[in-house]
Amino acid sequence: MYANCSEAVKEMSGKMQELNLVIMKMLFTSYGLDADEHHAADTASYFRLMKYKVPPSPTPADGIGLVAHTDKNTLTILGQNDVQGLEIQPKNGSWVPAVIPDGAFIAIVGDTLKAWSNGRLHPVRHRVVIRGEEERYSWGCFLMPKDDSTVAVADQLVDGDHPLMYRPFTYSDYLSYFVHNLSDDALELYAGFSSPPVGESRRTCMD
Ligand SMILES: O=C(O)CCC(=O)C(=O)O
Ligand SMILES: [Fe+2]
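Residues numbered from 1 in each chain as written. Chains lettered and ligands numbered in written order. Predicted model: local features only at pLDDT ≥ 70, side-chain atom pairs only at ≥ 80, totals over all residues. Heavy atoms only, no water.

Visitor: Talk me through the sheet that holds strand β2 (residues 64-69); I want residue IDs and the actual numbers.
Guide: Strand order in the open sheet made by the four strands is β2-β7-β4-β5, with antiparallel pairing throughout. Edge positions in the sheet fall to β2 and β5 (96-97), since each of these pairs with one other strand and no more. Judged from the two bridges that link them, strand β4 (residues 86-89) and β5 form a sheet pairing that is antiparallel. Following the sheet pairing, E87 is matched in β5 by P97. (Pairing = 2+ DSSP bridges. Helix = DSSP H or I, 4+ residues; strand = E, 2+ residues; numbered from the N terminus.)

Visitor: An account of a nonpolar patch on the surface is requested, with residue identities and associated values reported.
Guide: Together, V158, L164 and F193 give the surface a local cluster of nonpolar side chains, amounting to about 260 Å² of exposed area. Mapped onto the elements of the fold, L164 is located in the loop between β9 (150-151) and β10 (169-170). For L164, a relative accessible area of 38% puts it in the partly exposed group. (Patch = residues over 30% accessible without salt bridge, like charges linked within 9 Å, V, L, I, M, F, W, Y side chains within 5 Å. Areas by Shrake-Rupley, 256 points an atom, 1.4 Å probe, with all protein chains shown as cover. Salt bridge = Lys/Arg side-chain N within 4 Å of Asp/Glu carboxyl O. Buried < 20%, exposed > 50% of the residue type's maximum accessible area, 1.4 Å probe, protein only.)

Visitor: How would you sum up the coordination of the iron ion (ligand 2)? Please name residues and give values.
Guide: At the metal site, the iron ion (ligand 2) is ligated by H69 (NE2), D71 (OD) and H126 (NE2), and these contacts range over 2.0 to 2.2 Å. Site description for the iron ion (ligand 2): donor spacing in sequence, H-x1-D-x54-H. When its relative accessible area of 14% is taken as the criterion, H69 is described as buried. (Donors = N, O, S within 2.8 Å, 3.2 Å for Na, K, Ca; no water.)

Visitor: Which residues make up the nonpolar core, and what values go with them?
Guide: Residues F28, L113, F169 and L187 are the most contacted members of the largest nonpolar core, which totals 25 residues. For this core, the elements supplying multiple residues, two or more each, are α1 (5-30), α3 (111-116), α4 (171-181) and α5 (186-191). A per-element tally of this core places α5 first, with five residues. Grouped together as the second largest cluster of nonpolar side chains are 12 residues, L86, I130, F142 and Y171 included. (Core = buried A, V, L, I, M, F, W, Y, C linked by side-chain atoms within 4.5 Å.)

On their own, these measurements won't tell you what the molecule is for.
What follows is the structure in structure tokens.
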């Protein structure tokens, strides 16, 4: 039992950061990299509690609780109460409910992990849609590089089949670029070597 809510949140947040780091370590190890050298030492995280109110009646367009986006950080772990609502967008552009079983979590790759893995891991676009009459609560543990640590593709992940896709960058600079541009293609535009010219018409994360 916990003495108060903040104690429970603190413990939960610590456990989720541990889990997040374990998953990262598994990913890095699976690519033959030393996770400590490449990531763990320079990692920070934050834990957020989220509440989605029932949209006013009649429901406005689809009751969007959170607009479509990819996460900018490295890896996100999400959980929720029993009210579903998370949807993911596969490459065909449709929206598919991501049903999270009771008591389970979902891990979502962020833009920074895509860069780190030299494009091997893909951040899925996702959103939250509120359809029913019940409030939705969720929580997220967002793992990210410390502000001034450099995100650079490891040499071992670059070869003839995988040419270098991203230049080194710091997370804080990338985030600031995203906040000013709000583009779905922020990572490619900011750090990608194959980005089309800036200014070309493109979707934004606010659509
Ligand atoms: O509340 C959710 O299930 C999703 C939250 C989310 O995608 C985010 O905060 O980036
Ligand atoms: Fe997200």
